[in-house]
Amino acid sequence: MDRIRGLLGKGQLHSVCESAQCPNIGECFANKTCTFMILGDVCTRNCTFCAVTHGHPARPDLNEPDMVGLTAKQLGLKHVVVTSVTRDDLPDGGAGQFAATIHAIKSKNPGATVEVLIPDFGGEEEPLKQVIKARPNVLNHNLETVPRIYSSVRPGAVYQQSLQLLRNVFMECQDQYTTTKSGLMLGLGETLTEVIEVMDDLVQVGCKTLTLGQYLRPSPKHHPVVEYVHPDTFKKLEDIGNKLGFKQVVAGPLVRSSYHAAESFAALNA
């Protein structure tokens, strides 16, 4: 863990593992893997489930893409996962930084695959196209929860807008180079029927991989945990997802978007 923290600190980089208080951080850092978080560690939105700091971010670091690429090389990563805070303050929502980071990773790590977990870019199509043009291997955008509770969980986001983003990725990537991925947290107050309806929505827009995990409250100030979902329910949803048409469903209490992402990508392409 100390080596990864040291490399991140040396490159003035952030990881979502630390910023979002991921429960799997010990395992992932011990295995010399992490999820890079670009564009700083301050988010312009204030989702009630998220531990990342909300406020006014600093200007993007133009050296950041190269430092991510270099650090990925130092860690020997073969599958590099990159996410970001939401940057509604930037004209392109940070899409240019994503594209530059993808290029830097592939330049410094020939043969490595890249997975990006992107924000919604305010529903704008041009920033999304900029990221797609950089040819990530996996483009992930999490719906996070069901439409009924968006206003209390993701107050700055719109369900249909996020769904449309995934549809646009699928339509732009007919060459199959980039595969789409999304994720949901369970235990926020959703019903099983609502989760299945969202899963069906995702299949209809061409989403190939789905992650389902248990929501854990970062602090008493965040959205309460309404339910601790039984592992049998995760298994049931995994089976339903496979029948609906997903190519891959990864479900379980500790599953997160980038948890074992390299292994998931390898299995998907086996």
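Scroll up to find the structure.
Residues numbered from 1 in each chain as written. Predicted model: local features only at pLDDT ≥ 70, side-chain atom pairs only at ≥ 80, totals over all residues. Heavy atoms only, no water.

This part takes up the overall build of the protein. Tallying secondary structure elements over the protein gives 11 helices and 10 strands in all. A total of 270 residues make up the protein; the buried ones form 52% of that total. In the protein, 73% of the contacts between residues at least 6 apart in sequence involve partners at least 24 apart. When the accessible surface of the protein is split by element, carbon and sulfur atoms take 52% of a total near 12400 Å². (Helix = DSSP H or I, 4+ residues; strand = E, 2+ residues; numbered from the N terminus. Buried < 20%, exposed > 50% of the residue type's maximum accessible area, 1.4 Å probe, protein only. Contact = heavy atoms within 4.5 Å. Areas by Shrake-Rupley, 256 points an atom, 1.4 Å probe, with all protein chains shown as cover.)

Turning to empty space enclosed by the protein, a few remarks are in order. In this approach, a probe sized like a water molecule rolls over the atoms, and the result shows the empty space that is left. The full count for this structure, using the stated rule, is two cavities of 30 Å³ or more. In this structure, the largest cavity spans a volume of roughly 60 Å³. Around the largest cavity sit E115, V138, T179, K181, T209, Q248, A261, S264, F265 and L268, which together line it. Sorting the residues of the lining of the largest cavity by element identifies β8 (179-186) and α11 (261-268) as the ones contributing at least two each. Top element by residues in the lining of the largest cavity is α11. It accounts for four residues. (1 Å grid on protein atoms, 1.4 Å probe; cavity = no way out; pocket = protein on both sides within 12 Å on 5 of 7 lines; lining within 4 Å. Points joined across faces, edges and corners; volume = space filled by probe spheres on them.)

A separate point is helix α5 (residues 95-108). An ideal rise of 1.5 Å per residue puts 20 Å on 14 residues; α5 measures up with 20 Å between its terminal C-alpha atoms. For α5, every residue scored as buried is listed here: A95, Q97, F98, A99, T101, I102, A104 and I105. Looking at the buried side of α5, the elements it contacts are β2 (35-38), α4 (64-75), β5 (79-84), β6 (113-117) and α6 (125-133). (Expected span 1.5 Å × (residues − 1).)

Inspection of α6 places P127, L128, V131 and I132 among the buried residues, and these make up the whole buried set. Down the axis of α6, the buried set is contained in an arc of 140°. They therefore lie on one face. Of the residues in α6, the exposed ones pointing more than 90 degrees away from the buried face are E126 and K133. Taken together, the buried residues of α6 touch α5, β6, β7 (138-140) and α8 (159-172). (Arc of directions from axis to C-beta.)

Quick look at the packing of aromatic side chains now. Where two aromatic rings form a pair, the distance of their centres and the angle of their planes describe that pair. Within the structure shown, the criterion is met by two aromatic pairs. Centre to centre, the rings of Y150 and Y159 are 5.6 Å apart; their planes meet at 90°, and the pair counts as edge-to-face. Classification of Y159 by relative accessible area gives buried; the value is 6%. (Phe/Tyr/Trp six-rings, centres within 6.5 Å; stacked < 30°, edge-to-face > 60°.)

This part covers the pattern of salt bridges. Here the structure, examined in full by the defined rule, presents seven salt bridges. The partner of R45 in a salt bridge is D120, and the shortest N-O contact between them spans 2.8 Å. With R45 in the loop between β3 (42-43) and β4 (53-54) and D120 in the loop between β6 and α6, this residue pair connects regions lying 75 residues apart in the sequence. D120 carries the same exposure label as R45, and that label is buried. Of the charged contacts in the structure, one is a salt bridge between E194 and R148, with a shortest N-O distance of 2.6 Å. Of this pair, E194 sits in helix α9 (residues 192-204) while R148 sits in the loop between β7 and α7 (150-153), and the two are 46 residues apart along the sequence. (Salt bridge = Lys/Arg side-chain N within 4 Å of Asp/Glu carboxyl O.)

Taken in spatial order, the eight strands of this open sheet run β1-β2-β5-β6-β7-β8-β9-β10, and their pairing is mixed. Strand pairing shows two members of the sheet lacking a second neighbour, β1 (14-15) and β10 (248-251), which therefore form its edges. In the sheet, β1 pairs with β2 via two bridges, with the strands oriented antiparallel. Looking at the pairing, S15 lines up with F36 of β2. (Pairing = 2+ DSSP bridges.)

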